[in-house]
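# Structural overview
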Amino acid sequence: MLPLLGFAVVAYGALVGGLYLFQRQLLYFPDKAHPELLGLEKLGVREVTLTTEDGLSLLSWYLPARPERPVIAYFHGNGGHIGYRAERLLRFAREGYGVLMAEYRGYGGNPGAPSETGFYADGRAALAFLEREGVTPNRLVLYGESLGSGVAVALAVQHDIAALVLEAPFTSVAEVAQCHFPYVPASRMVTDRFDSLSRIAKVRAPMLILHGERDRVVPIRFGRALLDAASEPKEGWFAPEAGHEDLARYGSLDVVVAFIERRLGG
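Residues numbered from 1 in each chain as written. Predicted model: local features only at pLDDT ≥ 70, side-chain atom pairs only at ≥ 80, totals over all residues. Heavy atoms only, no water.

## Considering the overall build of the chain
Counting its secondary structure elements, the chain contains nine helices and 10 strands. Radius of gyration (C-alpha) of the chain: 19 Å, near the 18 Å computed for a compact globule of 266 residues. Taking the principal axes of the C-alpha coordinates as reference, the chain spans close to 75 × 35 × 30 Å. Looking at the chain as a whole, 53% of its 266 residues qualify as buried. Within the chain, contacts between residues at least 6 apart in sequence are counted, and of these 72% link residues at least 24 apart. As displayed, the chain offers around 12100 Å² of accessible surface, 57% of which is attributable to carbon and sulfur atoms. In the chain, the 27 positive side-chain charges and the 30 negative ones have mean positions that sit 2 Å from each other. (Helix = DSSP H or I, 4+ residues; strand = E, 2+ residues; numbered from the N terminus. Rg over C-alpha atoms; globule rule 2.2 N^0.38 Å. Buried < 20%, exposed > 50% of the residue type's maximum accessible area, 1.4 Å probe, protein only. Contact = heavy atoms within 4.5 Å. Areas by Shrake-Rupley, 256 points an atom, 1.4 Å probe, with all protein chains shown as cover. Lys, Arg positive; Asp, Glu negative; His and termini not counted. Charge placed at Lys NZ, Arg CZ, Asp CG, Glu CD.)

Pasting the structure below:
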């Protein structure tokens, strides 16, 4: 019996140690290939460079807005690269919105390695780019998708913006990790925490939270908890049939457009 107990302890320790050492490989899933525009340049989309405070040059995509129309700074989730989100860019382009598809370090052929502090620096570089382009706060919408919601919330606390949209957001990565690994002290092991719950009440811009009832990656209770903790004005849209990656199939982008038109005055 004692040898079996000892083996179990060693195995558990190895599991915990492995999760701790390789946690970033479990959190970030970048496609490192260069994203191709594939005809988007005909709409006016162009490749731009975001320069971070720590000296990285990050390729991103930018579509200027029609005169006086809103501009969306889009921060995507933990998988793929900006090219996987072209459908969203196309939807917003139809409304005359400007869109900056901000790419992260370590994604889409960009230098650097993903991390929480690095992603925040990448987000600040994105907003600095838009400021140089003449985008004023009263036209600026931050859109955070999944992991990108943590970036968008942190930026929304630090910058004046017109509105904030969060798709499949979490309270913190630590809490989601504990949900997926309930038999280890996952929440205490996480280093890149993206603690949106501690920040969300400080956001003063109108907010829209989108979530799918069947989300198994970031269960909907996290989105609801974030909405409950947020300050007014806030709105929630919860799709009964949607999971984590298919909200657009159930009309989420139309909901976002309606929200922006309502909040930014058309």
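## Details of the packing of aromatic side chains
Throughout the structure, instances matching the rule amount to 10 aromatic pairs. With a centroid separation of 5.6 Å and an interplanar angle of 75°, the aromatic rings of Tyr104 and Tyr107 are classed as edge-to-face. Like Tyr107, Tyr104 is buried. For the pair Tyr104 and Phe119, a centre-to-centre distance of 3.9 Å together with 10° between the ring planes defines the contact as stacked. Of this pair, Tyr104 sits in the loop between strand E6 (98-102) and helix H4 (116-132) while Phe119 sits in helix H4, and the two are 15 residues apart along the sequence. (Phe/Tyr/Trp six-rings, centres within 6.5 Å; stacked < 30°, edge-to-face > 60°.)

## Let's talk about the pattern of salt bridges
Going through the model one piece at a time under the given rule, you end up with 13 salt bridges. In this structure, Arg105 engages Asp122 in a salt bridge whose closest nitrogen and oxygen atoms are separated by 2.8 Å. Of this pair, Arg105 sits in the loop between E6 and H4 while Asp122 sits in helix H4; the two residues are 17 residues apart in sequence, bridging distant segments of the chain. When sorted by exposure, Arg105 lands in the same class as Asp122, which is buried. With a closest N to O distance of 3.0 Å, Glu241 and Arg214 form a salt bridge. Of the two residues, Glu241 sits in the loop between strand E10 (234-239) and helix H9 (252-264) while Arg214 sits in the loop between strand E9 (207-212) and helix H8 (220-229), which places them 27 residues apart along the sequence. On the basis of relative accessibility, which here comes to 45%, the residue Arg214 falls in the partly exposed class. (Salt bridge = Lys/Arg side-chain N within 4 Å of Asp/Glu carboxyl O.)

## Some details on the sheet that holds E10
The sheet built from eight strands is open, its strands ordered E2-E3-E6-E4-E7-E8-E9-E10 with mixed pairing. In the strand order of this sheet, the two ends are held by strand E2 (46-51) and E10, each with one partner. The sheet shows a mean angle of 20° between the axes of neighbouring strands, taken without regard to direction. In this structure, E2 lies alongside strand E3 (residues 57-63), joined through six bridges in antiparallel fashion. Opposite Arg46, over in E3, you have Tyr62 as the bridge partner. Where H4 meets the sheet, its contacts fall on E2, E3, strand E4 (71-75), E6 and strand E7 (140-145), and the angle it forms with E2 comes to roughly 120°. (Pairing = 2+ DSSP bridges. Axes fitted to C-alpha atoms, helices over the stretch in contact; angles between N-to-C directions.)

## Observations concerning the environment of Ser60
Examined against the element boundaries, Ser60 turns out to sit in strand E3. Sequence separation between Ser60 and Ala205 is 145 residues; the distance between their C-alpha atoms is 25 Å. Look past the residues within four positions of Ser60 in its chain and what remains in contact with it is Arg46, Glu47, Val48, Leu50, Ile82, Leu100, Met101, Ala102 and Glu103. Of note is the side chain of Ser60, whose polar atom sits 3.0 Å from the backbone nitrogen of Glu103. (Polar contact = N/O pair within 3.5 Å; in protein donor to acceptor, adjacent residues only side chain to side chain.)

## Description of the pairing of strand E8 (residues 163-167)
Counting buried positions along E8 gives five out of five residues, so the element sits mostly inside the fold. A two-sided burial pattern is seen for E8, the buried positions comprising Ala163, Val165 and Glu167 on one face and Leu164 and Leu166 on the other. After leaving E7, the chain enters helix H5 (residues 147-158) and then returns to the sheet as E8, a path that is right-handed. Here E8 runs beside E9; their pairing, made up of four bridges, is parallel. Paired with Glu167 across the strands is Leu210, a residue of E9. (Right-handed = clockwise from strand over helix to strand, strands pointing away.)

## Section: the environment of Ala186
Inspection of the secondary structure assignment puts Ala186 in helix H7 (residues 186-189). In this structure, the C-alpha to C-alpha distance between Ala186 and Leu210, residues 24 residues apart in sequence, is 26 Å. If sequence neighbours within four positions are ignored, Ala186 has contacts with Ala177, Gln178 and Phe181.

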